[in-house]
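The chain contents come next:
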Amino acid sequence: MTESVKAKNCKLERLETGLPGFDHISLGGLPKARTTLISGTAGSAKTIFACQFLVEGIKKFEQSGIFVTLEENPEDIKKNMRSFGWDIDEWEKRGKWRFVDASFQVDDSATILDNYDFGALLARIEHAVRKTGAKRVCIDSLSTVFGRFPHQEIVRNEIFRISSALKSMGVTTVITAERTNEYGEIARYGVEEFVTDNVIVLRNILEGEKRRRTIEILKLRGASHQKGEYPFTVSEDEGLIVIPISQIELKQRSSDIRISSGISELDNMCGGGFFRDSVILLSGATGTGKTLTVTQFIAHGAMSGERSLLLAFEESRDQLFRNASGWGIDFEDLERKGLLKVICDYPECRSLEDHLIVMKREIEEFQPKRMAVDSVSALERVATIKGFREFIIGISSYIKHQEIAGLFTATTPTLVGGTSATETHISTLTDSIILLRYVEILGEMRRGLMILKMRGSRHDKDIREFSIDHKGMGIGKPFRNVSGILTGNPMQLENAESDRLKGLFKEEVYRI
Amino acid sequence: MNKVILKLYVTGKTPKSESAITNLRYLCEKQLDGEYEIRIIDVLERPQLAENEKIIATPTLIRELPPPIRKIIGDLTDIEKVLLGLDLQRPIFGTIEEENKHD
């Protein structure tokens, strides 16, 4: 066997954790039979990570686990984890889960002299591993043990000894440790210096009055992994979910199939409708007709037998249904037929990461062919800029993968002209951008629509006037002899001037 | 005087364990007039007992009787502190070191 082949065979083996998204960012899981330090401030979900490491092992791989608790007592842990639907009692009965309770006891008033070791703890852990044939061990949390024993040197040595013993038993271990700052030393008491193989940092950052959870793999000795912070969320029924932005590769197939927007003239302007798997951004000031466009788009889908999903963050169900019936659309009937699903939520009801998880779940359950989000700008309220961008990337790439046509609306802050922050974040991610704008001409407010971009298709370049009546949107003629609509300063041009401009650019030039 | 029951948890036959056992025997002989019982538990042989008692460190000495339960962690070299910890303090005739010198 040559050296290089040997090296390949010695390649670090991984243990797939089963934590949603984590195996992706760690490029295959945690190094097998090694110890990994999970460091984080108070409330950064360390204990959840540790528990879930065992839970997923049992649920997905039938691997038993040992939970060594140095902090909370097992009853509290069981109670807390029940909220995720994890029935630890049941696993204990089946011999899949075992606690080694080294938590602080109320009557624990030991006099600590010197010259001792953690031989008993180690013996108990080894005993538990042997009894259950455990493949996974977690120790939660190291920092408390430093508070209970005054001899730091001894504690350090003993933790190191336990970690090495676990290694030689072939179990993969996760140890949690507390840190004081989100960006500072890795953990208190210099824990990382003796549990050095692998370090993962969990953060719970306060940014602009909002909490944002991230996970960062600082190092996996001898193994590659994704770098940087990844957002994660703690969902009620799945526990910790890492949102792997990088999973989202530009690999989507692209479809030539066109679907109707529900407004026939708009289809014509788009060169025959939207693409089946495209994401369309609809931008406009308040009252320009965004919700109407969404309603028509969704209704057309549902009425032609495609399941359609509407996620509304600005209006209540009743409002939406009343509006729709005003345009002759019976949402209630469509919902009864199972072709439509309308979900109304306040953006504030959960964090943006959780919104993303919920949306994905709804999409998975309902399997829609088209969906609309009205509006994504409302969601901006509950997130930081970075979090919002990640959300948009996450949701748009997800629906493209599923070959769902998505219509997102964005509200511009100014009445005329203008772009919104939303647009700057997502314009490059969307396939098409449609602008709805107010146009003030001779003291009258009129509405204009234009298609700013449409990937992979010819489209109308005119700014067309449109009106809203009981049948919905009616698209009329282009604004002629007016310039400056997009900048918010429309100017009426003299006929002579517009004729001169027409002569400057021949039709053929811009008809590609 | 009530009977004293002492349990000593040790890990294997290490010098630390041996020293704890020797120190404990010496101390009991000197201080407790024969009204005591010592149980020595090796956690490597009886890990379940350590589990039940939630022992972390070794050597750990537990005074089970008379109540309340008292715990001392360490190899018991410092006899005064051990007696203080066990709440069994009596007039002290000499420390182990001094006694050893006479041997």
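Residues numbered from 1 in each chain as written. Chains lettered and ligands numbered in written order. Predicted model: local features only at pLDDT ≥ 70, side-chain atom pairs only at ≥ 80, totals over all residues. Heavy atoms only, no water.

(A) Quick look at the interface of chain B and chain A. The interface of chain B with chain A comprises 22 residues on the first partner and 25 residues on the second. Carbon and sulfur atoms make up 56% of the area that chain B and chain A hide from each other, which totals about 2,100 Å². Notably, a salt bridge pairs aspartate 101 of chain A with lysine 54 of chain B, separated by 3.2 Å at the nearest N-O pair. There are 13 residue pairs in polar contact (both at pLDDT 80 or more) connecting chain B and chain A. Contributing elements (two or more residues each) for the side of chain B that touches chain A: helix 2 (47-53), strand 4 (70-73) and helix 3 (79-86) of chain B. No other element matches helix 2 of chain B, which puts 4 residues into the side of chain B that touches chain A. Residue composition of the side of chain B that touches chain A, grouped by class: 11 nonpolar, 5 polar and 6 charged. Where strand 6 (residues 111-112) of chain A and strand 4 of chain B come together, 2 bridges link them in parallel fashion. Bridged to isoleucine 112 of chain A within strand 4 of chain B is isoleucine 73 of chain B. (Contact = heavy atoms within 4.5 Å. Buried area = accessible area lost by both parts, 1.4 Å probe. Salt bridge = Lys/Arg side-chain N within 4 Å of Asp/Glu carboxyl O. Polar contact = N/O pair within 3.5 Å; in protein donor to acceptor, adjacent residues only side chain to side chain. Helix = DSSP H or I, 4+ residues; strand = E, 2+ residues; numbered from the N terminus. Nonpolar A, V, L, I, M, F, W, Y, C, P; charged D, E, K, R; others polar. Pairing = 2+ DSSP bridges.)

(B) View of the domain arrangement of chain A. Residue and element names in this part refer to chain A. Domain boundaries assigned for chain A yield domain 1 (9-245) and domain 2 (258-479). Each of domain 1 and domain 2 has a C-alpha centre, and these two points are 44 Å apart. The interface is formed by 13 residues belonging to domain 1 together with 14 residues belonging to domain 2. Surface buried jointly by domain 1 and domain 2 totals about 1,100 Å² across both partners, of which 56% is contributed by carbon and sulfur atoms. Counting the contacts that link domain 1 with domain 2 gives 2 salt bridges. In this structure, the salt-bridge partner of arginine 212 is glutamate 390, at a minimum N-O distance of 2.9 Å. Linking domain 1 with domain 2 are 3 residue pairs in polar contact (both at pLDDT 80 or more), by the criterion used here. (Domains from an automatic or database assignment.)

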